[in-house]
Amino acid sequence: MSDSIIVIENLTKEYKGKGKQCVHAVKNVSLTVEKGDVFGILGASGAGKSTLLKCVNLLEKPTSGRVLLNGVSLSDLSEKELNLQRRKIGMIFQHFNLFSQCSVCENVAFPLKIAGVSRKEAKRRALVQLGYAGLADKADCYPSELSGGQKQRAAIARALVNEPEILLCDEATSALDSVTSLNILNLLKKINAELGLTILLITHELGVVKHICNKVAVMEDGRIAEQGTAAEILSNPSSDAAKKLVLSGGVK
Ligand code: ADP
């Protein structure tokens, strides 16, 4: 029996442009992420990866199709219920999205503040997560005082502070040099192994898939060209899109 945590069913997203123009960013995508997976969505720029990821927590509303989280259809929920479900989903971004006017500790405590946790308890929990992310000594610094890798560690601590079940990663290492990228990927691996978090990530870098993913879906022109275990697809890609990415070593 499968133990699915995210099920995406026939998801389509169209953006209405000016006049009659319409961009079909995601076209009838279906995929299942199981508990404990590190699931990578790999594709070139413009393939629709980011749009698909934003539809998973309904930052973007799908034009049609649906997303089930632990069997619950997110589009059927009230705003209040959706916000409760969203606490089960942490998210990190390519450009970290930290608040520059807040200290690292305040950044990490922010989701708890929103959830109504007391200041003292929020600070305590933020410090625990900063310790886990290897950034305990930077709690009182401001984001501008951190390196790129440290900023991403702070963002990861913030994503973990509500103790989510799922971590969505939007090109989390694309702005980092190769050594720093590897350190961040190793932290994500540790989070998956030790905390049991399911990770759904998007990337244009084959190396990311090779390093941490057990499953992969290759996306091209809004569609999933191929999906399966990372081992299968990396060693024996069958679609033209996957062959192109695997043989070229990924897109830069
Ligand atoms: P990727 O993440 O793979 O680079 P995106 O999901 O960002 O791809 O984009 C897929 C397509 O949707 C592109 O053609 C892009 O221009 C278009 N798109 C993305 N966001 C918007 C938007 N807010 N409005 C209109 N078109 C968009």
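Residues numbered from 1 in each chain as written. Predicted model: local features only at pLDDT ≥ 70, side-chain atom pairs only at ≥ 80, totals over all residues. Heavy atoms only, no water.

### Concerning the pattern of salt bridges
Reasoning step 1: Enumeration according to the criterion identifies eight salt bridges in this entry.
Reasoning step 2: With a shortest N-O distance of 3.6 Å, Lys13 and Glu60 are connected by a salt bridge. With Lys13 in strand β1 (residues 4-16) and Glu60 in the loop between α1 (49-56) and β4 (64-69), this pair connects stretches of sequence that are 47 residues apart. Residues Lys13 and Glu60 agree in their burial class; the two are buried.
Reasoning step 3: A salt bridge links Lys27 to Asp221, with the shortest nitrogen-to-oxygen separation between them at 3.1 Å. (Salt bridge = Lys/Arg side-chain N within 4 Å of Asp/Glu carboxyl O. Helix = DSSP H or I, 4+ residues; strand = E, 2+ residues; numbered from the N terminus. Buried < 20%, exposed > 50% of the residue type's maximum accessible area, 1.4 Å probe, protein only.)

### Comments concerning the site of the ligand
Reasoning step 1: Around the ligand lies a shell formed by Tyr15, Val23, Ala25, Ala44, Ser45, Gly46, Ala47, Gly48, Lys49, Ser50 and Thr51.
Reasoning step 2: One of the backbone nitrogen or oxygen atoms of Gly46 is found 2.7 Å away from an oxygen atom of the ligand.
Reasoning step 3: In this structure, Gly48 approaches the ligand through a main-chain N or O atom, which is 3.0 Å from an oxygen atom.
Reasoning step 4: Protein contact buries 59% of the 560 Å² of open area that the ligand shows by itself.
Reasoning step 5: Elements represented by at least two residues in the shell around the ligand include exactly β2 (22-34) and α1.
Reasoning step 6: Per-element tally for the shell around the ligand: the top contributor is α1, with three residues. (Near = heavy atom within 4 Å. Polar contact = N/O pair within 3.5 Å; in protein donor to acceptor, adjacent residues only side chain to side chain. Areas by Shrake-Rupley, 256 points an atom, 1.4 Å probe, with all protein chains shown as cover.)

### A short note on the packing of aromatic side chains
Reasoning step 1: All chains considered together, the criterion is met by one aromatic pair.
Reasoning step 2: Ring plane angle 65° and centroid distance 4.9 Å describe the contact between Phe99 and Phe110, whose orientation is recorded as edge-to-face. Highlighted residues: Phe99 in the loop between β6 (89-93) and α3 (104-114) and Phe110 in helix α3, separated in sequence by eleven residues.
Reasoning step 3: When its relative accessible area of 29% is taken as the criterion, Phe99 is described as partly exposed. (Phe/Tyr/Trp six-rings, centres within 6.5 Å; stacked < 30°, edge-to-face > 60°.)

### A short note on the sheet that holds strand β3 (residues 38-42)
Backbone-to-backbone hydrogen bonds join strands into a sheet, with any given pair of strands oriented parallel or antiparallel.
Reasoning step 1: The strand order across the open sheet formed by six strands is β6-β7-β8-β3-β9-β10, and the pairing between neighbours is mixed. The sheet is open, and its two borders are formed by β6 and β10 (223-229), each paired with just one other strand. The mean inter-strand angle of the sheet, taken between neighbouring strand axes irrespective of direction, is 15°.
Reasoning step 2: In terms of strand pairing, β3 meets strand β8 (residues 198-203) through five bridges, oriented parallel. Along β8, the bridge assignment pairs Phe39 with Leu200.
Reasoning step 3: Contacting β3, β6, β7 (166-170), β8 and β9 (215-220), α1 runs over the sheet at an angle of about 155° to β8. (Pairing = 2+ DSSP bridges. Axes fitted to C-alpha atoms, helices over the stretch in contact; angles between N-to-C directions. Contact = heavy atoms within 4.5 Å.)

Take it as geometry only, folks, not as evidence of what the structure does.
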